[in-house]
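Observations on chain architecture
Listed below, chain by chain, are the residues.
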Amino acid sequence: MGLGVRWTLHGDGRTPAPGAVVRPDERLSWPRTAGLGAQHVVAMFGASFVAPVLMGLDPNLAIMMSGIATMLFLLATRGRVPSYLGCSLSFVGVAAIIRAQGGDSAAVTGAILVVGVVLFLAGLLVRRFGARIIHAAMPPVVTGAVVMLIGFNLAPVTARTYWPQDQWTALLTMLFTGLAVVCLRGFWSRVAIFLGLLFGYALSWVSDRLFGKIHSVNGGAEAVDHWRLDLSGVAKADWVGLPSLHGPSFGWSAALVALPVVIALIAENAGHVKAVGEMTGDRLDDQLGPAIAADGVATVLSTAVGGPANTTYSENIGVMAATRVYSTAAYWAAACFALLFGVCPKFGAVVAAIPGGVLGGITVILYGMIGLLGAQIWVHNKVDLRNPLNLVPVAAGVIIGIGGVSLKIGKNFELGGIALGTIVVLSGYHVLRALAPAHLKAQEPLLDEGTSSYDPVEDAAAEGGTPARGEA
């Protein structure tokens, strides 16, 4: 079986024919493929460099490792699943909690590395037993609740860390970003977060020239006079050089805070594989296990040298839908561009200089959007929250996760926040379901977004070599 690195030329190599698509094993001309790769980089760029900044990690290293992760993913799925692996925002809250507990960057990356290992093992299980194992362990009511508490748990980070640094810049950046998300169309709407950052960056520079220094907190507890936009580090940075590396450190408390994110990452991968399968017309259920495992390996590799976790990016699905080009050659080009960005320290210095007020305005929308994705999972899968079997574990888990409720076990061990909330939702649902009367279990949970309907006849046909529905 090949590695998916050979492509046939589609048509004349210029544009897809009317109604046609460029399949993963096809490509346009190399100049056009390189241009599409650059477009994929721009699409992932906003979230992919915001994530490491919010986590206190090196954005240069993050971008470089995202390129390596994408190459690894394409090889693992043998070129059948076009995807870019960018820096996951799901761990921003985890990083904030670990740092609030006194942890440093090594503790953050160590905790995420553990998640990568678990994700890899989950991928192997899915490959061995099939995608239905996801549905059995994590029905939509559970995944929706976990995604929701991951997003909303970040609210104090915005309110206490970023917004107070420059409230007016934060407010204007929030308004501009919101307008960009709603009013822009096509490609520009998909990079609205990036445009909001550019707007806030420019607004901070203009405000410094018009009003001088601002008196506010600037990463510390005391208010001080400081420039909104400090570019001194950009002038000192080199044009070419390797990013800074560091090894991880491991602790039980940090790992337990991070582990619930596994559920969100599996749901992300399942949704991505399903969406790509529907757009290309291919049956890709057999690639879900390799995709999840590749995501885990990429995360382990990145965090082992000090980078963040990597996951499939929905932003790039939008680019494929708009261009009708699903060629994995374009993703190889994007990965190469990311590697080049990663070895430019001056670029990293520009990213690191993003003012706190700008991040405040961006994260108000971004964190809320992450949390509301959980509600979207519920709506999409018609989860009935009137049923106490669904309502009780979700209600308890979400309040525990968002409110920061903690549970002390002994003198040196404590569970709280995302970790405890996830345990309550996951274990609470399955325990209550086992004990609930029959009338509450009459309606089986619907399948989670990103997993196919499991028709025994269809599965048997696929296993026997007969093409199932959707296969060419």
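What comes next concerns the included structure. (Residues numbered from 1 in each chain as written. Predicted model: local features only at pLDDT ≥ 70, side-chain atom pairs only at ≥ 80, totals over all residues. Heavy atoms only, no water.)

**Quick notes on the side chain of Asn269**
Along the polypeptide, Asn269 turns up in helix H13 (residues 261-280). When residues no more than four places from it in sequence are discounted, the contact partners of Asn269 are Phe73, Leu288, Ala291, Ile292, Asp295, Thr311 and Thr312. (Helix = DSSP H or I, 4+ residues; strand = E, 2+ residues; numbered from the N terminus. Contact = heavy atoms within 4.5 Å.)

**Re the pattern of salt bridges**
This structure, assessed with the given rule, holds 4 salt bridges. For the salt bridge of Asp286 with Arg80, the shortest nitrogen-to-oxygen distance reads 2.9 Å. Remark: Arg80 occurs in the loop between helix H2 (59-76) and strand E3 (85-87) and Asp286 occurs in the loop between H13 and helix H14 (288-304); sequence separation between them is 206 residues. On the basis of relative accessible area, Arg80 is assigned to the partly exposed category, the value being 29%. (Salt bridge = Lys/Arg side-chain N within 4 Å of Asp/Glu carboxyl O. Buried < 20%, exposed > 50% of the residue type's maximum accessible area, 1.4 Å probe, protein only.)

**Section: the packing of helix H10 (residues 192-211) against helix H18 (residues 356-380)**
Remark: H10 packs on H18, axes separated minimally by 9 Å, with the N-to-C direction vectors making an angle of 155°. As summarised for this structure, H10 and H18 are arranged roughly antiparallel, according to the angle between their axes. Between H10 and H18 lies a crossing of right-handed hand. Counted together, Ile193, Gly196, Leu197, Gly200, Tyr201 and Ser204 of H10 and Val358, Leu359, Ile362 and Leu366 of H18 form the full contact between these two elements. (Axes fitted to C-alpha atoms, helices over the stretch in contact; angles between N-to-C directions. Parallel < 35°, antiparallel > 145°, perpendicular 65-115°, else oblique. Left-handed = near helix turned anticlockwise from the far one by under 90°.)

**Concerning the nonpolar core**
In terms of nonpolar packing, the biggest core is built from 105 residues, with Phe91 and Tyr367 touching the most fellow members. Those residues in contact with Tyr367, other than ones at most four positions away along the chain, are Leu54, Val92, Gly151, Phe152, Leu154, Val157, Thr158 and Tyr162. In terms of nonpolar packing, the next biggest core, distinct from the first, is built from 5 residues, Val22, Leu36, Val325 and Ala330 among them. (Core = buried A, V, L, I, M, F, W, Y, C linked by side-chain atoms within 4.5 Å.)

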